[in-house]
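# Breakdown of the fold
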Amino acid sequence: MFRCGEMADSTGLQFVSPYAFEAMQKVDVVRLAALSDPELRLLLPCLVRMALCAPADQSQSWAQDKKLILRLLSGVEAVNSIVALLSVDFHALEQDARKEQQLRHKAGGSNGESILVSQLQHGLTLEFEHSDPLRRLRLTLSELLAIMNKVADSNGEFFLKSSELFESPVYLEEVADVLCILQAELPSLLPIVDVAEALLHVRNGDWFLCLLVANVPDSFNEVCRGLIKNGERQDEESVGGRRRTEALRQLCQMNPSQALNIRAMVVEECHLPGLGVALTLDYKPDAADEAVSPLVSYVSGLLLGTNSKVRTWFSMFIRNGQQRKRESSSVLWQMRRQLLLELVAILPRSRSTHVPNDGDMEEEGSSGYSGLREEHVVKASALLRLYCALMGIAGLRPTDEEAEQLLQLMTSRPPATPAGVRFVSLSFCKLLAFPTLVSTPEQEQLMVMWLSWMIKEEEYFESAAGVSASFGEMLLLVAMYFHSNQLSSIIELVCSTLGMKIAIKPSSLSKMKTIFTQEIFTEQVVTAHAVRVAVTNNLSANIAGFLPIHCIYQLLRSRAFTKHKVSIKDWIYRQLCETTTPIHTQLIPLIDAYINSILTPASKANPEATNQPITEQEILNVFQSSAQGDSSRGGRQRYSITTQLLILYYILSYEENLLASTKQLALMQRKPKSYSAALMDQIPIKYLVTQAQGLQQELGGLHSALLRLLATNYPHLCLVEDWVCEEEVTGTLPLLRRMMLPSNTCRYTQSQLHQAFQKLPSSSPRLMRILEHLTLLSPGDLIPYAEALTASMALLLEPAVPRRILQTLNKLWMGLNTVMPRRLWVMTVNALQPSAKLLRQQKYTQNDLMVDPLIVLRCDQRVYRCPPLMDIVLHMLNGYLLASKAYLQCHLKETADFDRQSQTVSNLGVPGQPETPEVTREELKNALLAAQDSAAVQILLEVCLPTSEEQQLGATTESLLRTRGGVEDAEPEGGLLSDLREVQCLICCLLHQMFIADPNIAKLVHFQGYPQALLPLTVAGIPSIHICLDFIPELLAQPQLEKQIFAIQLLSYLCTQYALPKSLSVARLAISVMGTLLTGQQTSFFVFTSCALAHHFMYFFLPASACQSFNLLPVLYRLCNLLSYNWSGHFYSYIWLPPSGL
């Protein structure tokens, strides 16, 4: 329901009641019959028209209702006068009215002649009294049109029209009847919204307006929206705005069910803010909400909502309202008074210094309750936020009474509930945002006592309330900010907690800074207290608010722990172990700040002032389950995957930052401990990164950060082919196959797998069944079988082992390679050693293989003719070559700056000593890597050569692709599908990748040279070998005759394989070089190059370089005769019988 409020000029007049208006809206005849005569009198115009006019509803029920209405009207005397009004000719009346409007428009709106009304003999009231119904209609219509015209010409300026007709209390009801009849019969001439606007400019206008709308109830929303649209942005600034507000307020009191809709129109149009507040003050919900009052909710929504236009509009209402003197009739002061009453009502009795009324305080009882009641905590929090918004956003200046009661509420002590924790946090932030509330020494002492109580009760509140984010962390964080003078961070913290942007001057925090840093929290107390704060259990992004991690992070940034020699390592380790997904956004910055505090001293004067790193044993404890593969077999992990990924990020980032800071650390004569290679070998890096790939949404930026660190420090774990293989292993098809695997299927143990390997080849069917079953498992489930699979690889080199077993083993190895590559590689290399080394029990370590990657190729010679195992060896070789590069680069960084430091110290006092060790070390490293890569390539090329037994069987390197004129030679005996052919393809693929990754390797290998018999294989099998065309001219210019011969032979195959313009230009150069050497009678040169010239070189390029060729061939022919070689016919057959199309 709504409270009635009456305008000063409508005092004593009876308005339409909500009951009567609802009856009119619903045409409830029973309710209408229950109305009193005075109430019924106000609705007669509509009821008479309803009874007399032909209805659109022809139903029987309406016929009965109409009879009841006629019976109801039969005893009312005023009905006759209204019937007489309805009997006139309204069409003629409308024509005269329009003529009068035209006449007034021509006369410029002056009150001259009137067509509706002739010269009046008496006053307007007497004329109205003595007139017949038609003249009464004309008098009222003339007066109304005059007001409407004046409103239209006023350009928004308000005026109050003195009209005797609308002011005489004797004839108000008759005038109202005439007005309602006119509007109902002439709606096009008198739009109801324009009539309503005109009535605001006469006395008793709100009463006339309510009667008009009550007799046309369907127009309620239309009238209200029109009045709001035409209203002022600030209604309390003018008389017109206040009259409009009161009129709309009366309309809403007549129809309270639409009051909230009208208030929504006010906010939508950003007009009449006082009306919105007034409607909220009038509103009394049927079921009272004990939590938050309607006024608090409405004003908070305006100031704290997302619509900046609405926020600015209402803030201007608050600011403008404060500039006027305090008036009890002002809506703003009514609002402030109501808010103060609500605030005082929830204060504990011992703190309340103002009693709003006796009734409210009777509920409190007389028990002297000193704490904030639990049912009042939410309301108190809402009031605090509202006052923060009013003061910080709208610029409200609290009175002394408001400031006193606010401080009493803020320093009250709530119960230990989550809502209580929230209330204390809001109160604390309000104190920081508005320190002017504390103005006297007594108030300052009260605040200090309250802050001391917060510190004392923080642990109890956190345990009793069951929340992870308590106000203790906020206190600690603010204290740290004050000590480091980060006032802007305090302002951000306050605004974030309050949930609003408030303009806080840093200078206003000076008093609070003094209290915090000198009386409550000294820096040493802060650091000592921070270490004792319990870590947040199951820390994740789902836990909102300010947590201990925020405080520790700020203390790490300010280097407070190292300054006061407080160890924080254990706290950070415990917090990292208590994490879960989704990852909290503060964890990665915390780790970065912790690493920085380990490596970088707090000051140059004290280089030892650093934090301690996490120990290797603590790290191993985290990774024990993953290293053993227990998590993949259903075993329970002690630590979550989030903890393991964070520890992995810590280790990798620590090592990277340690290398980056080597120079600075050397200057300070400091060398922090690096984590051992043995520790890194026990961490399943690839397995963890694979797990993180499926949790990218929950890990935030951790997955991308780990990939960056891997690509930098462990490039062999980021091979492209590994990522492609992962898609094949973890894709949809393997997942479906695993889903189809029955739960009660036979489970094979590692010992069963080992026994099946030992009994080969007789156990081939059983071994195949076991291996096929293992292919259905996920890579993580394969980890326990890794040792059994790799240890028995040498047994597969025996003859009569089925190829399917080898291929299945290769597939399983590639699956394991996606989760445990480094450990798998070491086991595989040791398993494939020659039998002589196995007898000596020589076991290689990860470090051995990174120092010398060629160990991978010192395997059993039978591997070179076993394509599935050779594929594994080549994969490991590629990985270890990359690992070796990273290892040497890391080693160079670790030792270079210390060596240079010692070199600088040893060279002191020696003028002119060149500082070249660094350049020399870099060159030596590059030379070692180049020699390493070229040696690997040369060994692999040598593997491609057929053995003596294979040569006897007819296998040659030219069998890979040997053409003459585009026609393939006959297939060699044994066919092309051989182990040698497959191994050659695998090696060529790897060499192709190596040449693309570093073209200098291709140049170095071809400058070194290799057997001419391999040229058909390399040119046809390595697509990237065409880059040799770039450096063949340089190779031809070498003084060694064997290099020139190799260049001519290589070029002959390249010209046949790649018919490019560049090949033509290089071929012409080669022919020129051959011509030059021919004049010097280099017989041996032509012995080795003439076949290449005849078979390939001249065959393809003779038509394009005919002049040079013909100059060369006669001389070469004579040389052949001298050497007794019968090649002349062979040459001229190519000259005179060129291939078709050339």
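Counting restarts for each chain: residues are numbered from 1 in the order of the written sequence. Given that this is a predicted model, residues contribute local features only at a pLDDT of at least 70 and side-chain atom pairs are listed and counted only at 80 or more, while totals for whole chains, interfaces and linings are drawn from all residues. As a rule here, side-chain values come from all non-hydrogen atoms in the structure, and water together with hydrogens is ignored.

Named according to an unreviewed UniProt entry, the chain is Integrator complex subunit 2 originating from Amphiprion ocellaris. UniProt positions are given in the numbering used here, feature names are shortened, and annotations may be inferred rather than shown by experiment. Recorded under Subcellular location (unreviewed entry), the UniProt text for the chain is reproduced unchanged: "Nucleus". For the chain, the Sequence similarities (unreviewed entry) comment in UniProt is given as "Belongs to the Integrator subunit 2 family."

Let us now look at the environment of P784. Looking at the secondary structure, you find P784 in the loop between helix 45 (779–782) and helix 46 (786–791). Judged by relative accessible area, which is 24%, P784 ranks as partly exposed. By the criteria applied, helices consist of DSSP H or I runs no shorter than four residues and strands consist of E runs no shorter than two, each listed in order from the N terminus. In this scheme, a residue with accessible area under 20% of its type's maximum is buried, one over 50% is exposed, and one in between is partly exposed, where area comes from a 1.4 Å probe on protein chains only.

Another point: a nonpolar patch on the surface. Note that patches include only residues with greater than 30% relative accessible area and no salt bridge, and the join distances are 9 Å for like charges and 5 Å for nonpolar side chains (Val, Leu, Ile, Met, Phe, Trp, Tyr). Residue exposure ignores everything except the shown protein chains as possible cover, and the areas themselves are Shrake-Rupley values with a 1.4 Å probe. Any carboxyl oxygen of Asp or Glu that lies within 4 Å of a side-chain nitrogen of Lys or Arg is treated as forming a salt bridge with it. On the surface, F158, L160 and V239 cluster together into a nonpolar patch covering about 230 Å² of accessible area. Here L160 lies in the loop between helix 9 (133–153) and helix 10 (164–167). When its relative accessible area of 39% is taken as the criterion, L160 is described as partly exposed.

To continue, consider the packing of helix 20 (residues 331–346) against helix 22 (residues 377–392). For helices, the fitted line uses only the C-alpha atoms of the stretch in contact; every axis is such a line through C-alpha atoms, and the angle between N-to-C directions lies from 0 to 180 degrees. The contact between helix 20 and helix 22 brings their axes to 10 Å, and the two run at 145°. Crossing handedness for the pair helix 20 and helix 22: left-handed. Residues R336, L339, L340, E342, L343 and I346 of helix 20 form the contact with helix 22, whose own contacting residues are K379, A380, L383, L386, Y387 and L390. Each residue is assigned to one class: nonpolar for Ala, Val, Leu, Ile, Met, Phe, Trp, Tyr, Cys and Pro, charged for Asp, Glu, Lys and Arg, and polar for all the others, Gly among them. A per-class count over the contact of helix 20 with helix 22 returns nine nonpolar, no polar and three charged. By definition, any crossing whose near helix is turned counterclockwise from its far helix by less than a right angle is left-handed, and any crossing with a clockwise turn is right-handed. Residue contacts follow a heavy-atom distance rule, with two residues in contact if any of their heavy atoms lie within 4.5 Å.

The topology assignment puts R336 in helix 20. It is 9.4 Å that separates the C-alpha atoms of R336 and P398, two residues lying 62 residues apart in sequence. If near-sequence neighbours (up to four positions away) are discounted, R336 is found in contact with Q322, Y387, L396, R397, P398, T399 and E402.

Below, the discussion takes up the state of the cysteines. What makes a disulfide is a covalent bond joining the sulfur atoms belonging to two cysteines. In plain terms, two cysteine sulfur atoms within 2.5 Å form what is called a disulfide here. Counted according to the given criterion, the structure contains zero disulfides. Between C46, a free cysteine, and C180, which holds the nearest cysteine sulfur, the sulfur-to-sulfur gap is 8.7 Å. For C46, a relative accessible area of 15% puts it in the buried group.

Two side chains bearing opposite charge may form a pair once their charged atoms approach each other closely. Considering all chains together, one arrives at 30 salt bridges under this definition. With a closest N to O distance of 3.7 Å, R249 and E246 form a salt bridge. With R249 and E246 both in helix 15 (residues 239–254) and three residues apart, this pair spans about one turn of that helix. One salt bridge in this structure joins D681 and R822, with 3.8 Å as the shortest N-O distance.

Our next topic: the nonpolar core. Nonpolar core, defined: a set of buried Ala, Val, Leu, Ile, Met, Phe, Trp, Tyr and Cys residues in which side-chain atoms within 4.5 Å join the residues together. Core analysis: the biggest nonpolar cluster contains 350 residues, and L251 and Y650 have the highest contact counts within it. It is helix 22 that provides the largest number of residues to this core, a total of eleven residues. Leaving out residues up to four positions away in the same chain, Y650 has contacts with I591, Y594, I595, I598, P613, I614, I619 and Y675.

Relative orientation of the contacting elements helix 18 (residues 294–304) and helix 19 (residues 308–323) amounts to 120°, with a least axis distance of 7 Å. On the basis of their axis angle, the class for helix 18 and helix 19 is oblique. Every residue of helix 19 that contacts helix 18 at V299, L302 and L303 is listed here: V310, R311, F314 and S315. By residue class, the composition of the contact of helix 18 with helix 19 is five nonpolar, one polar and one charged. Each angle gets one of four labels, with under 35 degrees taken as roughly parallel, over 145 as roughly antiparallel, 65 to 115 as roughly perpendicular, and the rest as oblique.

For the bond from T581 to P582, the omega torsion is -5°, close enough to zero to count as cis. Positionally, P582 belongs in the loop between helix 32 (569–577) and helix 33 (587–599). You will see that V27, though not glycine, has its phi angle at about 50°, which is positive. Counting through the fold element by element, V27 comes out in the loop between helix 1 (18–26) and helix 2 (29–33). Of note in this structure, L272 is not a glycine but carries a positive phi near 55°. For L272, the position within the fold is in the loop between helix 16 (259–269) and helix 17 (273–282). Of the residues examined, L272 reaches a relative accessible area of 0% and is grouped as buried.

Think of it this way: a Phe, Tyr or Trp ring, Trp meaning its six-membered ring, pairs with another when their centres are within 6.5 Å, and the plane angle makes it stacked under 30 degrees, edge-to-face over 60, tilted otherwise. This model, assessed by the stated rule, comprises twelve aromatic pairs. Ring geometry for Y650 and Y654: centres 5.9 Å apart, planes at 35°, overall tilted. With a gap of four residues between them, Y650 and Y654 both fall in helix 35 (residues 641–660), about one helical turn apart. This pair shows no difference in class: Y650 is buried, exactly as Y654 is. Each residue in the set Y594, Y650, Y654 and Y675 is aromatic and connected to the rest through ring pairs, giving one cluster. Two conditions define a charge sitting above a ring: the NZ of Lys or the CZ of Arg must be within 6 Å of the ring centre, and it must be within 35 degrees of the ring normal. One residue, K150, lies across the ring of F159, its end atom 4.7 Å from the ring centre.

What follows concerns the confidence of the model for the chain. On a range of 0 to 100, pLDDT expresses the predictor's confidence in each residue. Model confidence for the chain is summarised by a mean pLDDT of 79, while 79% of its residues fall at 70 or above. Segment residues 957–975 is flagged for pLDDT under 50; beyond a separation of four residues in sequence, or across chains, it makes 31 contacts in the model.

We now examine helix 17. Across the ten residues that make up helix 17, a large majority, ten, are buried. Within helix 17, the full set of buried residues consists of P273, G274, L275, G276, V277, A278, L279, T280, L281 and D282. Buried residues along helix 17 sit against helix 15, helix 16, helix 18, helix 19 and helix 20.

A word on the environment of Y298. If you trace the backbone, Y298 turns up in helix 18. On a C-alpha basis, the gap between Y298 and T280 in space is 7.5 Å, while along the polypeptide they are 18 residues apart. Apart from the residues within four sequence positions on either side, Y298 is in contact with R263, V267, G276, V277 and T280.

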